[in-house]
Amino acid sequence: MMGIFKSKLKAAVYGTYSNLTNDSKINRSMRKLKGEDYDVIEVGDDGSSVMYSSGGDDDEDYSSPTSGLPNNFNMGGHFADRFENNTMGIKLNFKGFDYKNKNIRTSKSEELLPNGSLFSSSGRKEDRSKNTGESLRGGYTYNIDSLSTLKIAFGAKQNRNQLNSTSDDFTRDQRGLFISTNRQTNTGSGHSEAFNGNINWSRRFKKEEEHFQ
């Protein structure tokens, strides 16, 4: 990871490679780099500002299979800055990922029939999955005056996945001759895209002054 942090400016790029699941400490640490989105900005009568955040940036982190041999690569960038006397702010997050997983399972069993015959069965199943995608999220905040705030946010992401599964099962008798064989292959793929955006303008009204006689 390389970053620049100066005053209100925060800019960084990062990359990770891991043969652990996505719930590892490495990926959780990198998610913290993205920072938080400021949902509400209020300015007090004395000119001070209070910013409320509602958790971290929910840039999607796709889950890895719970079994098998994962091979995960992540890369991304983050940029955030505030300017014009802290009245304007911009934030951008980019992420790309490539997750691969291989899972191999084998089985072996023997069955003794009432007539004394012995059957031996063996099987092997291999699953290979791949999930890739990119996402971009951004936001712009403008504190128009002490009572009005404008916020523009957008997001776009796409995801592609592939799955290949092959299974082989064999049954032999006690002489080693095949009784049955079975081979099955399954393939699948998918693609998804999502876009969103919103514009929010909020204004607080001045409190009416109370007069006492």
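Residues numbered from 1 in each chain as written. Predicted model: local features only at pLDDT ≥ 70, side-chain atom pairs only at ≥ 80, totals over all residues. Heavy atoms only, no water.

Undergrad: Could you give an account of the pairing of strand β1 (residues 2–6), naming the residues involved and the relevant values?
TA: In terms of burial, β1 is a largely surface element, 0 of the 5 residues being buried. The sheet contact formed by β1 and strand β2 (residues 9–18) spans 5 bridges and is antiparallel. Opposite Ile 4, over in β2, you have Ala 11 as the bridge partner. Between β1 and β2, which pair antiparallel one after the other, the connecting turn spans 2 residues, and Ser 7 there sits at a positive phi close to 55°. (Buried < 20%, exposed > 50% of the residue type's maximum accessible area, 1.4 Å probe, protein only. Helix = DSSP H or I, 4+ residues; strand = E, 2+ residues; numbered from the N terminus. Pairing = 2+ DSSP bridges.)

Undergrad: I'd love a proper account of the pattern of salt bridges, names of residues and values included.
TA: Overall, the coordinates contain 7 salt bridges when judged by the stated rule. The partner of Arg 105 in a salt bridge is Asp 127, and the shortest N-O contact between them spans 3.2 Å. Separated by 22 residues along the polypeptide, Arg 105 in strand β6 (residues 88–112) and Asp 127 in strand β7 (residues 118–143) bring together distant segments of the chain. On the accessibility criterion, Asp 127 (17% relative accessible area) is buried. For Arg 203, the salt bridge identified is with Asp 145, shortest N-O distance 3.8 Å. Within this pair, whereas Arg 203 is found in strand β9 (residues 178–203), its partner Asp 145 is found in the loop between β7 and β8 (148–172), the two being separated by 58 residues in sequence. Assessed through its relative accessible area of 33%, Asp 145 is described here as partly exposed. (Salt bridge = Lys/Arg side-chain N within 4 Å of Asp/Glu carboxyl O.)

Undergrad: So, a nonpolar patch on the surface: which residues are in play, and what are the values?
TA: On the surface, a nonpolar cluster with roughly 850 Å² of combined accessible area is contributed by Tyr 17, Phe 73, Met 75, Phe 79, Phe 83, Ile 90, Leu 92, Phe 94, Leu 136 and Phe 154. When residues of the nonpolar patch are traced back to their parent elements, those giving at least two are β5 (69–83) and β6. Sorting elements by how many residues they give to the nonpolar patch places β5 first, with 4 residues. Among the secondary structure elements, Tyr 17 is positioned in strand β2. Classification of Tyr 17 as exposed rests on a relative accessible area of 53%. (Patch = residues over 30% accessible without salt bridge, like charges linked within 9 Å, V, L, I, M, F, W, Y side chains within 5 Å. Areas by Shrake-Rupley, 256 points an atom, 1.4 Å probe, with all protein chains shown as cover.)

Undergrad: For the pairing of β5, give the residues involved together with the corresponding values.
TA: Relative to β5, β2 runs antiparallel, the two sharing 9 bridges. By the bridge assignment for β5, Thr 16 is matched with Asn 74. Here β5 runs beside β6; their pairing, made up of 15 bridges, is antiparallel. Within β6, the position partnered with Asn 72 by the bridge is Tyr 99. Between β5 and β6, which pair antiparallel in sequence order, lie 4 residues; one of them, Glu 84, sits at a positive phi of approximately 50°.

Undergrad: Account for the sheet that holds β6, with residues named and values stated.
TA: Taken together, 7 strands build an open sheet; the order of strands is β1-β2-β5-β6-β7-β8-β9 and the sheet is antiparallel. Looking at which strands have only one partner, the edges of the open sheet turn out to be β1 and β9. Neighbouring strand axes in the sheet, compared pairwise and without regard to direction, differ in orientation by 10° on average. (Axes fitted to C-alpha atoms, helices over the stretch in contact; angles between N-to-C directions.)

Undergrad: Let's hear about the packing of aromatic side chains: which residues, and what values?
TA: Under the counting rule described, the total for this entry stands at 2 aromatic pairs. Geometrically, the ring pair formed by Phe 97 and Tyr 99 is tilted, given 4.8 Å between the ring centres and 40° between the ring planes. Ring centres 5.9 Å apart and planes at 50° place the aromatic pair Phe 170 and Phe 178 in the tilted group. The class for Phe 178 is partly exposed, based on a relative accessible area of 46%. (Phe/Tyr/Trp six-rings, centres within 6.5 Å; stacked < 30°, edge-to-face > 60°.)

Undergrad: Just give me the short version of the environment of Asp 127, but keep the residues and values in it.
TA: A sequence separation of 40 residues divides Asp 127 from Ser 167, and the C-alpha atoms of the two residues are 8.7 Å apart. Sequence-distant contacts of Asp 127, that is, excluding residues within four places in its chain, are made with Asn 101, Lys 102, Asn 103, Arg 105, Asn 164 and Ser 165. Within polar-contact distance, the side chain of Asp 127 engages the side chain of Arg 105 at 3.2 Å. (Contact = heavy atoms within 4.5 Å. Polar contact = N/O pair within 3.5 Å; in protein donor to acceptor, adjacent residues only side chain to side chain.)

Undergrad: Can you explain unusual backbone geometry? Please cite residues and give values.
TA: The phi torsion at Ser 7 lies on the positive side, around 55°, for a residue other than glycine. Along the polypeptide, Ser 7 turns up in the loop between β1 and β2. Exposure remark for Ser 7: the relative accessible area of 77% places this residue in the exposed category. Unlike most non-glycine residues, Asn 86 shows phi in positive territory, near 70°. Topologically, Asn 86 is positioned in the loop between β5 and β6.

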